[in-house]
Amino acid sequence: MAEFNAMDTAAFKGVWVFCEQREGQIQTISYQLLSEGRKLANDLGVELCGVVMGSELNEDYIKALGGYGADRVYYIDSPLLKDYTTDGYAKALCDLIMDKKPEIMLIGATNLGRDLGPRCAARLHTGLTADCTHLDVDVEKYKDFLRTTSNIDVDNTKFEENTNLKMTRPAFGGHLMATIICPRFRPQMSTVRPGVMQTQAFDEVGAAKVVVEKVTPELTADDIHVEILDIKKSAKKLVDLIGADVVVSVGRGISSDVDKGIALAEELAGVLGGVVGASRAVTDEGWLSSDHQVGQTGKTVHPRIYVALGISGAIQHVAGMQDSETIIAINKNESAPIFDVASYGIVGDLFKVVPELIKEIRAAKA
């Protein structure tokens, strides 16, 4: 293995994406990160590589990663990697990073990724920015991003010209956005929450020409300090917010009659062909389970239609739904911040407005 020095920044090149798989199925977050990684790799003029770990994985699934932007896929194959363990995955990934030296490493902020990312960053003596919502390496593109998302006087502010990864994430409870860089160490590591980045269209040509490089890790059972005896799955059905075309979310505005408010949201979601979401206030109160939560500490969604019922529009919630194609807000408070991001706003009592809305939608469909 080549000598590894995290401070020798000139020795690192390339953008990598950890492509998570579970029971042989590549997770959707992997395609989202590859699509974003493709943009970064193009700006840097470098190769984009996916990294998959497992045992006896379907090669068609691996090659499909090329359809989402990967030039090369490192497939780390070992029976010891069949099921996720922190020790096994961290050693296999860190060994490959120390050998190949990528300059950027992106990992999904899933339960698995949030465990793996910090462990690898510590072993590699580099930094990690968690839960990023925006990534840039090109300074001009970063300036364009700031022009639409901040009150900084971009044109009269001096920016250092470099290709450091600019990792933007919510800070101080979501009340401001912070951009973090890691200029002295490599790789620059970031975790990104599922649903934040858009997936590019699948490219058959890319899938056909991607290079799959199989890697046999130097890994033994002694390297893994836990033994997986059994995996038990919960039978609980979770709502698929991220993949939904229409999301109808409820907020604290349903507090006067919680059951009726949720029933109205479910009925409206039903006629629109969507699912029910919620603000953090609703899940904290236990009115809906946490898998319904949209926002900075919940899920980020990009539906075609997002309906906000009785949601004030705190920045933490808006961070999770502001990129929806069409936002419809219903709130009694005409000064509610949600109207600042809404495409259409209705000032009124949701318990009176929503039944009328449902009636009109049904009439239009008929």
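The residue numbers shown here count from 1 along each chain, following its written sequence. Totals for whole chains, interfaces and linings use every residue, but because this is a predicted model, local features are given only for residues with pLDDT of at least 70 and side-chain atom pairs only at 80 or more, for both listing and counting. To obtain the side-chain values, all non-hydrogen atoms of the structure were used and water was disregarded.

Participant: Break down the packing of helix 3 (residues 86–100) against helix 4 (residues 111–124) for me, with residues and values.
Facilitator: In this analysis, axes come from line fits to C-alpha atoms, helices being fitted only over the stretch in contact, and the angle between any two N-to-C directions falls in the range 0 to 180 degrees. Helical segments are the DSSP runs of H or I of at least four residues, strand segments are the runs of E of at least two, and each set is numbered from the N terminus. In contact at an axis separation of 9 Å, helix 3 and helix 4 are set at 50° when each is read in the N-to-C sense. The angle between helix 3 and helix 4 places the two elements in the oblique class. Here helix 3 runs over helix 4; the crossing is right-handed. Facing helix 3, whose interface residues are Thr86, Asp87, Tyr89, Ala90, Lys91, Leu93, Cys94, Ile97 and Met98, helix 4 presents Asp115, Leu116, Arg119, Cys120, Arg123 and Leu124. Only Asp, Glu, Lys and Arg are considered charged in this grouping, and only Ala, Val, Leu, Ile, Met, Phe, Trp, Tyr, Cys and Pro are considered nonpolar; every other residue, Gly among them, is considered polar. Partitioned by chemical class, the residues of the contact of helix 3 with helix 4 number nine nonpolar, one polar and five charged. Roughly parallel refers to an angle under 35 degrees, roughly antiparallel to one over 145, roughly perpendicular to one between 65 and 115, and oblique to any angle outside these ranges. Crossings are classed by handedness, with left-handed meaning an anticlockwise turn of the near helix from the far one by less than a right angle and right-handed meaning a clockwise turn. Contacts are residue-level and defined by heavy atoms, with any inter-residue pair within 4.5 Å sufficient.

Participant: Describe the pattern of salt bridges, with residues and values.
Facilitator: A pair can form between side chains of opposite charge whenever their charged atoms are brought close. Note on definitions: salt bridges are taken to be side-chain nitrogens of Lys or Arg within 4 Å of carboxyl oxygens of Asp or Glu. Tallied over the entire structure, the rule returns 19 salt bridges. Here Asp245 ties to Arg304 by a salt bridge, and the two come within 2.9 Å at their closest N and O atoms. Of the two residues, Asp245 is situated in the loop between strand 12 (211–215) and strand 13 (246–250) and Arg304 in the loop between helix 8 (280–284) and strand 15 (305–309); the sequence distance between them amounts to 59 residues. Assessed through its relative accessible area of 41%, Asp245 is described here as partly exposed. Among the charged side chains, a salt-bridge network with shared partners connects Glu47, Arg72, Lys100 and Glu213. Relative accessibility decides the category of a residue: with a 1.4 Å probe and only protein chains considered, values under 20% of the type maximum give buried, values over 50% give exposed, and everything between is partly exposed.

Participant: Tell me what's going on with the nonpolar core, and back it up with residues and numbers.
Facilitator: Among buried residues, the Ala, Val, Leu, Ile, Met, Phe, Trp, Tyr and Cys ones that are joined through side-chain atoms within 4.5 Å form a nonpolar core. Of all hydrophobic cores here, the largest spans 33 residues; its most connected members are Val15, Leu34, Leu65 and Leu135. Elements with a minimum of two residues in this core: strand 1 (15–18), helix 1 (28–44), strand 4 (48–54), strand 5 (72–77) and strand 6 (104–108). The residues contacting Leu34, other than those within four sequence positions of it, are Val17, Cys19, Leu48, Gly50, Leu65, Tyr68 and Ala70. In terms of nonpolar packing, the next biggest core, distinct from the first, is built from 26 residues, Tyr89, Leu112, Ala121 and Leu219 among them.

Participant: So what about the side chain of Arg186? Which residues, and what values?
Facilitator: Assignment of secondary structure puts Arg186 in the loop between strand 10 (176–180) and strand 11 (188–192). Summary of buried charges: Arg186 has no salt-bridge partner, and the nearest side chain of opposite charge, Glu103, is 5.1 Å away. The term polar contact refers here to a pair of N or O atoms within 3.5 Å; inside protein, the definition further demands a hydrogen-donor-capable atom paired with an acceptor-capable atom, and it admits residues adjacent in sequence only when both atoms are side-chain atoms. At 3.0 Å, the side chain of Arg186 and the side chain of Asn164 are in polar contact. The convention is simple: Lys and Arg are positive, Asp and Glu are negative, and His and the chain ends are not counted.

Participant: Account for the sheet that holds strand 13, naming residues and giving values.
Facilitator: Paired strands are those between which DSSP finds at least two bridges. Spatially, 14-13-15-16-17 is the arrangement adopted by the five strands of the open sheet, whose pairing is parallel. Each edge of the open sheet is held by one strand with a lone partner, namely strand 14 (275–278) and strand 17 (344–347). Going from strand to strand, the sheet's axes swing by 20° on average, the running direction of each strand aside. Summarising the sheet, strand 13 and strand 14 pair through four bridges and their orientation is parallel. Paired with Val248 across the bridge in strand 14 is Val276. Those strands touched by helix 7 (residues 258–272) are strand 13, strand 14 and strand 15, and its axis lies near 170° from that of strand 13.

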